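# Coordinate analysis (summary)
Chain residues, written in single-letter form:
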Amino acid sequence: MLLDYQTTVSLNLALQLILAPALGAAVFLAKKKRFQRHCLVLRLAVAAQILAILALMSPVMGTILEPGRPNGLFQAEVLLHHGLGLVVVLLWIYINLVYLGRLRARLAPKRAMQAAAGLWVVSFILGFHIYLKLYY
């Protein structure tokens, strides 16, 4: 059963408001050098984020960007949000492959983690702005 548009958007907003503090907790755990818990929190958060992208965000983005709608800064903002989110997921995959020994580090893992966290925050802010623009 598919959810209606408003329910999908509301579920995604609720999930994002849960994931934002999870990211903060992961950063806190890393600063306290509790790396196993840090990794667990991030793996769960990114898995939830990937599911949200596939199940909740993609269908909504399709309706926002459908042909016939006016082009402009709003569509650019949606595409930037989408692009940043994809970069975060790719960085997360890269970091995990490096730490699993499946890939040789070409980018310092700490820098990749900082970039992923920063981009996630920017993408979250853009996503929240998109939500506000659509519904308020």
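Look up: the structure comes first, before these words.
A few points on the structure. (Residues numbered from 1 in each chain as written. Predicted model: local features only at pLDDT ≥ 70, side-chain atom pairs only at ≥ 80, totals over all residues. Heavy atoms only, no water.)

Here the focus is the layout of surface pockets. Size it by volume and the largest pocket reaches roughly 650 Å³. Ala30, His38, Leu42, Met113 and Gln114 are, among the 22 residues lining the largest pocket, the residues nearest its centre. For the lining of the largest pocket, the secondary structure elements donating two or more residues are helix 1 (5-31), helix 2 (35-64), helix 3 (73-99) and helix 4 (109-135). A breakdown of the residues in the lining of the largest pocket according to their chemical character gives 16 nonpolar, 3 polar and 3 charged. (1 Å grid on protein atoms, 1.4 Å probe; cavity = no way out; pocket = protein on both sides within 12 Å on 5 of 7 lines; lining within 4 Å. Points joined across faces, edges and corners; volume = space filled by probe spheres on them. Helix = DSSP H or I, 4+ residues; strand = E, 2+ residues; numbered from the N terminus. Nonpolar A, V, L, I, M, F, W, Y, C, P; charged D, E, K, R; others polar.)

This part is about the side chain of glutamine 16. Residue position: glutamine 16 is located in helix 1. One polar contact links glutamine 16 to glutamine 49, side chain to side chain, over a distance of 3.0 Å. For glutamine 16, the contacting residues outside a window of four places in its chain are Gln49, Ala52, Met57 and Phe124. (Polar contact = N/O pair within 3.5 Å; in protein donor to acceptor, adjacent residues only side chain to side chain. Contact = heavy atoms within 4.5 Å.)

Of note, lysine 31 is situated in helix 1. A relative accessible area of 66% means that lysine 31 is categorised as exposed. Residues lysine 31 and phenylalanine 74, spaced 43 residues apart in sequence, show a C-alpha to C-alpha distance of 36 Å. (Buried < 20%, exposed > 50% of the residue type's maximum accessible area, 1.4 Å probe, protein only.)

Quick look at the packing of aromatic side chains now. Inspection of every chain in the model, using the stated rule, returns 4 aromatic pairs. On the numbers, 6.4 Å between centres and 15° between planes, the contact of phenylalanine 124 with phenylalanine 128 is stacked. In this pair, phenylalanine 124 and phenylalanine 128 are both assigned in helix 4, 4 residues apart and thus about one turn of the helix distant. On the basis of relative accessible area, phenylalanine 124 is assigned to the partly exposed category, the value being 25%. For phenylalanine 128, a relative accessible area of 34% puts it in the partly exposed group. Taken together, Tyr5, Tyr131, Tyr135 and Tyr136 form an aromatic cluster joined through their ring pairs. (Phe/Tyr/Trp six-rings, centres within 6.5 Å; stacked < 30°, edge-to-face > 60°.)

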